[in-house]
Amino acid sequence: MKLGFAVILLSAIMLAVPSFASEGDHSEVFHECLDSCAVFVCDHEREHNMPYTLRVMQWSCVDNCKYECMMMDVDRDLEAVSSGSDGVHIKQYYGKWPFHRFLGMQEPASVVFSLMNLWGHINGGLYLLRRLRPDHPMYQYYFWYVMYGVNAWVWSAVFHMRDKPKTEMLDYFSAALTILYSLYVAVIRLFRLYQPARLHLQQPASYGTRRPSWLPPQHVLRQLWGALCILLYLAHVIYLSVIPRFDYSYNVIANLVVGVLHNLLWLSYSFPFFPFQRFEFKPQSYIPEYGWKPAALAIGMTLATSLELWDFPPWGFVIDAHSLWHLATVPLTWWWYRFLAEDAMDSGWASGRSKGMLE
């Protein structure tokens, strides 16, 4: 299942990598229309006569010509398909399927589903944080986890509204930050590198695990791990910012590696032979009732991601596989926050004298 997850995720994301030479880009009808529109329509006066919604969404006259000519070519292909012509099908343009825009938004369904994920992070994050005291060892990590998740889905919505170089960069960099920070938090939680809080008033000798003498102190490991993540993220952003052409393949592989590591760590939480001690004040053999949830959520995310493999022309030129993927992650986000809350409120975080600190 682990290997299958990696293969599905890699294949799915590779399908989303923009192509620099799509079939529609070579359509003679499309190029004739585009050339005529650029010459006879795109004058200074025409720019100001464009609808307000298009101007707000920063559509230039040339951008609008590309959209209008694309949809004209699509209508021509639809007529040919309906008349029974062989070898005619809906084409991609500039690496993407054609979509009907709405209020100037290029991919309205993906915008709506991104906003639903945004609400999922806000609602789920509030559910989690309201159940934790500010002095809980994981509170500060989960607070920024929520913030980075909200930021990522804001820029996902903006990018699907208008695919521009700046919105693309902000979407990709925000997503990379969220994925890397998720791995950072997973390591902090599962390797128990968090700052001990007042919840830890006494350490039962029978449950304690002896740290190897060669390991640096806990706070040193935490700082080194944080510094490594910061350096990796800065190197990632700087590399993709300075190269002449955005390296989509590298971006896919980098996020894939981090995402798979994150999921494997949380998958191990559900295993009976969990290699770590889940809670400081519980024996290593302790498995909470909700211990199966990380594995179930990982499987659910794998199935959701596999929707990207189902690449097809958008239904009604509105719903495509990528938008369905965003839709499928909405309930998974809510359930994930519920699991984090259950894990954070487990009695294993506190000794007998300090269990009231969790309430």
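Residues numbered from 1 in each chain as written. Predicted model: local features only at pLDDT ≥ 70, side-chain atom pairs only at ≥ 80, totals over all residues. Heavy atoms only, no water.

**Digging into the pattern of salt bridges**
Within this structure, the stated rule accounts for 11 salt bridges. For the salt bridge of arginine 189 with aspartate 343, the shortest nitrogen-to-oxygen distance reads 2.8 Å. Separated by 154 residues along the polypeptide, arginine 189 in helix H8 (residues 165–190) and aspartate 343 in helix H12 (residues 321–344) bring together distant segments of the chain. This pair shows no difference in class: arginine 189 is buried, exactly as aspartate 343 is. By sharing partners, the salt bridges in this structure join Asp73, Arg76, Asp77 and Lys91 into a single network. (Salt bridge = Lys/Arg side-chain N within 4 Å of Asp/Glu carboxyl O. Helix = DSSP H or I, 4+ residues; strand = E, 2+ residues; numbered from the N terminus. Buried < 20%, exposed > 50% of the residue type's maximum accessible area, 1.4 Å probe, protein only.)

**Things to note about the confidence of the model for the protein chain**
On average, residues of the protein chain score 83 in pLDDT, and 83% of them are at 70 or above. A low-confidence stretch, residues 1–16 stays under pLDDT 50, and its non-local contacts, those more than four residues away or across chains, total 27 contacts. (pLDDT = per-residue confidence, 0-100. Contact = heavy atoms within 4.5 Å.)

**Thoughts on unusual backbone geometry**
If you check the backbone angles, glutamine 58 has positive phi at about 60° while not being a glycine. Of note, glutamine 58 is situated in the loop between helix H4 (52–56) and helix H5 (61–82). A residue is classified by how much of its surface remains accessible, and glutamine 58, at 54% relative accessible area, is exposed. Here the phi dihedral of arginine 192 falls at roughly 55°; this positive angle occurs in a residue that is not glycine.

**Observations concerning the side chain of aspartate 73**
Relative to the elements of secondary structure, aspartate 73 occurs in helix H5. For aspartate 73, a relative accessible area of 0% gives the class buried. If we skip the residues at most four places from it in the chain, aspartate 73 touches Ser27, Val29, Phe30, Lys91 and Tyr93.

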